[in-house]
Amino acid sequence: VCKDYKLDLVAIQELKIKEESVFDLENFVIFNSGSNSGYYGTGFLINKDIIHAIIELKSNTERISSLRLRGAYRKISLTNVHAQTNEKSEEDKDA
């Protein structure tokens, strides 16, 4: 899909992988924040052609990850946040 739409960077959620990890997927690298519970997990799908522009890749929590890139004229900061849907209980939303 990324190739079809010519996407170099995609924020992804609900990876459900327990450990923080980085792994290859064809011409892309997946950065995963990890998840203690086996649920949630955020990250980024990054084209290998722009890997050189990464300044920082950070896993803040299992629901928040951030990426800092070097742009042509400015640095770019992206934050990926997973929020619970209204179907979840208030307890789950606050966790």
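Above this text you will find the structure in question.
What you are looking at is a predicted structure, and each value in this text was computed from that prediction instead of being measured. (Residues numbered from 1 in each chain as written. Predicted model: local features only at pLDDT ≥ 70, side-chain atom pairs only at ≥ 80, totals over all residues. Heavy atoms only, no water.)

Asker: For this particular structure, what's the right way to read the environment of Tyr40?
Answerer: Here Tyr40 lies in the loop between β3 (28-32) and β4 (42-47). Separated by 22 residues in the primary sequence, Tyr40 and Glu62 have C-alpha atoms spaced 6.4 Å apart. (Helix = DSSP H or I, 4+ residues; strand = E, 2+ residues; numbered from the N terminus.)

Asker: Help me understand the pairing of β4 in this model?
Answerer: Residues in a regular strand project their side chains so that they alternate between the two faces of the sheet. Of all 6 residues making up β4, 6 are buried, and the element is well covered by its neighbours. Burial along β4 is two-sided: the residues Thr42, Phe44 and Ile46 and Gly43, Leu45 and Asn47 are all buried. Strand direction decides the pairing type here: strand β1 (residues 9-13) and β4, joined by 5 bridges, are antiparallel. When the sheet's bridge partners are listed, Val10 is paired in β4 with Leu45. Inspection of the sheet shows β3 paired to β4 by 5 bridges, in the antiparallel sense. Opposite Val29, over in β4, you have Ile46 as the bridge partner. (Buried < 20%, exposed > 50% of the residue type's maximum accessible area, 1.4 Å probe, protein only. Pairing = 2+ DSSP bridges.)

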